[in-house]
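# An overview of the molecular structure
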Amino acid sequence: LQEPQNGAGEWMIPADILSQRTKTPSDKIRIFKVEDSTMEPEFMRGEHVLVDTLQKSPSPPGAFLVFDGVGHVIRLCAYEMGAPEPRVQISAHAQK
């Protein structure tokens, strides 16, 4: 696993621990550092998150790593229900 944003090198996670958490092959998992505080307290600035790069559709809805035009950020993504054509709603916090 590699952390591509700041070149910190490789992280070693035992295969048995990774396989207990996901069925995604390890070469499809990436580590990203949370750079902003928009998603706190769920994702704290400075924390590292494992990202399944195979999961590209927000079904079920949840937290996704998205490119905002400048860099990668974590946002909540969900299909917008009732839209005439498929649209994804992206927000910083769950609607209450």
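In case you missed it, the structure is sitting above this.
### So, a nonpolar patch on the surface
Taken together, the side chains of Tyr-79, Met-81, Val-88 and Ile-90 present a nonpolar region at the surface, about 440 Å² in accessible area. Its place among the elements puts Tyr-79 in strand β4 (residues 72-79).

### Things to note about unusual backbone geometry
Cis geometry marks the peptide bond from Glu-40 to Pro-41, where omega comes out at 10 degrees. Looking at where Pro-41 falls in the secondary structure, it is placed in the loop between β1 (29-33) and β2 (48-52). Geometrically, the link from Ser-59 to Pro-60 is a cis peptide bond, its omega value of 10 degrees lying close to zero. For Pro-60, the location among the structural elements is in the loop between β2 and β3 (62-67).

### Observations regarding the pairing of β3
Note: β3 against β4, six bridges, orientation antiparallel. Residue pairing for β4: Ala-63 is matched across the bridge by Leu-76. If you look at the hairpin formed by β3 and β4, you'll find four residues sitting between the two strands, and Gly-69 has a positive phi there, around 100 degrees.

### Some thoughts on the nonpolar core
Membership of the largest hydrophobic core is limited to six residues, which are Phe-32, Val-34, Met-39, Val-49, Val-51 and Ile-74. Setting aside residues no more than four positions away along its own chain, Met-39 makes contact with Ile-74, Arg-75, Leu-76, Ser-91, Ala-92 and His-93.

### Concerning the side chain of Thr-24
Within the secondary structure, Thr-24 is located in the loop between α1 (15-21) and β1. The class of Thr-24 is buried, set by a relative accessible area of 12%. Looking at Thr-24, its side chain comes within polar contact range of the side chain of Asp-52, at 2.7 Å.

### What to know about the sheet that holds β3
Overall, antiparallel pairing links the three strands, which are arranged β3-β4-β5 in an open sheet. Two strands bound the open sheet, and with one partner strand each, they are β3 and β5 (88-91). Averaged over all pairs of adjacent strands, the angle between their axes in this sheet comes to 50 degrees, without regard to strand direction. Across four bridges, β4 lies against β5 in antiparallel orientation. Bridge pairing in β5 places Tyr-79 opposite Val-88.

Calculation notes
Residues numbered from 1 in each chain as written. Predicted model: local features only at pLDDT ≥ 70, side-chain atom pairs only at ≥ 80, totals over all residues. Heavy atoms only, no water. Patch = residues over 30% accessible without salt bridge, like charges linked within 9 Å, V, L, I, M, F, W, Y side chains within 5 Å. Areas by Shrake-Rupley, 256 points an atom, 1.4 Å probe, with all protein chains shown as cover. Salt bridge = Lys/Arg side-chain N within 4 Å of Asp/Glu carboxyl O. Helix = DSSP H or I, 4+ residues; strand = E, 2+ residues; numbered from the N terminus. Pairing = 2+ DSSP bridges. Core = buried A, V, L, I, M, F, W, Y, C linked by side-chain atoms within 4.5 Å. Buried < 20%, exposed > 50% of the residue type's maximum accessible area, 1.4 Å probe, protein only. Contact = heavy atoms within 4.5 Å. Polar contact = N/O pair within 3.5 Å; in protein donor to acceptor, adjacent residues only side chain to side chain. Axes fitted to C-alpha atoms, helices over the stretch in contact; angles between N-to-C directions.

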